[in-house]
Amino acid sequence: MAFLAGSLTLLGLAACEPVPTSDVTGTRGLVTVPESVSSIAAPYQDLSTARIRTEDGCYWYSHSGPVETTLLPLRTTNGNPICTRPQS
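Residues numbered from 1 in each chain as written. Predicted model: local features only at pLDDT ≥ 70, side-chain atom pairs only at ≥ 80, totals over all residues. Heavy atoms only, no water.

1. Details of the overall build of the protein chain
Rules: In DSSP terms, a helix is any run of H or I states spanning at least four residues, a strand is any run of E spanning at least two, and both are numbered starting from the N terminus. Between buried and exposed lies partly exposed: a residue is buried under 20% and exposed over 50% of the maximum accessible area for its type, with that area taken using a 1.4 Å probe on protein chains only. Here, residues are in contact when the closest pair of their heavy atoms is within 4.5 Å. To measure how exposed things are, a 1.4 Å probe is used in the Shrake-Rupley method; for residues, cover is taken only from the protein chains shown.
For the protein chain, the count of helices and strands is two helices and three strands. Tracing the protein chain from N to C terminus, the helices and strands come up as α-α-β-β-β. When each of the 88 residues of the protein chain is scored for burial, the buried share is 27%. For the protein chain, contacts bridging at least 24 residues in sequence account for 39% of all contacts bridging at least 6. Put simply, the protein chain shows about 5,900 Å² of open surface, and 60% of that area lies on carbon and sulfur atoms.

Structure follows, in structure tokens:
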């Protein structure tokens with residue numbers, strides 16, 4: 001039952017259209033994360049740096065570690081990636 005609910009949530013997210021922000025400040029690709037995504041995203045992730053990668057259609061965010069900043073996939077509290085289209 002939980003698997004079905006998770007699949008339906010991702011299917012609903014597939015209809016969300018990202019809204020790109022200005023590229024003047026070097027924020028190319030950043031999107032405004034819809035409430036439906038922020039409500040299922042794990043709390044330790046920086047949603048203000050979220051972007052959708054065209055290669056996989058998934059949300060990614062910048063994680064600033066002690067040595068480097070890395071793009072990581074945005075995940076649910078269960079560890080599943082959050083994508084705008086079904087994974088192949």
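2. What about the pattern of salt bridges?
Where charged atoms of side chains with opposite charge meet at close range, the side chains can pair. Which entries qualify depends on this criterion: Only one rule defines a salt bridge in this text: a Lys or Arg side-chain nitrogen within 4 Å of an Asp or Glu carboxyl oxygen.
What the rule picks out here adds up to one salt bridge. The partner of Glu 55 in a salt bridge is Arg 53, with the nearest N and O atoms 3.1 Å apart.

3. Points about the state of the cysteines
In protein chemistry, a disulfide is the covalent bond that joins the sulfur atoms of two cysteines. The condition is simple: When the sulfur atoms of two cysteines come within 2.5 Å, that pair is taken as a disulfide.
Counting across every chain of the model gives one disulfide. Each disulfide pairs two cysteine sulfurs, and for Cys 58 the partner residue is Cys 83, the sulfurs being separated by 1.9 Å. Since a negative S-S torsion denotes a left-handed disulfide, the Cys 58-Cys 83 link at about 80° is right-handed. Taken together, the residues span a long stretch of sequence, with Cys 58 in the loop between strand E1 (51-52) and strand E2 (59-64) and Cys 83 in the segment after strand E3 (69-73) at a distance of 25 residues. For Cys 58, a relative accessible area of 5% corresponds to the buried category. By relative accessible area, which is 5% here, Cys 83 ends up buried.

4. Considering the nonpolar core
Nonpolar side chains in soluble globular proteins generally cluster together in the buried interior. Formally: Residues enter a nonpolar core if they are buried and are Ala, Val, Leu, Ile, Met, Phe, Trp, Tyr or Cys, with the set joined through side-chain atoms within 4.5 Å.
Of all hydrophobic cores here, the largest spans ten residues; its members are Val 31, Val 33, Val 37, Ala 41, Ala 50, Ile 52, Tyr 59, Tyr 61, Leu 74 and Ile 82. For Val 33, the contacting residues outside a window of four places in its chain are Ser 38, Leu 47 and Ala 50.

5. Observations regarding the environment of Glu 55
The condition that has to hold: Polar contacts here mean pairs of N or O atoms no more than 3.5 Å apart (in protein, one a potential hydrogen donor and the other a potential acceptor; neighbouring residues in sequence count only if both atoms are side-chain atoms).
Position of Glu 55 among the secondary structure elements: in the loop between E1 and E2. Within the structure, the side chain of Glu 55 is placed 3.1 Å from the side chain of Arg 53, a separation counted as a polar contact.

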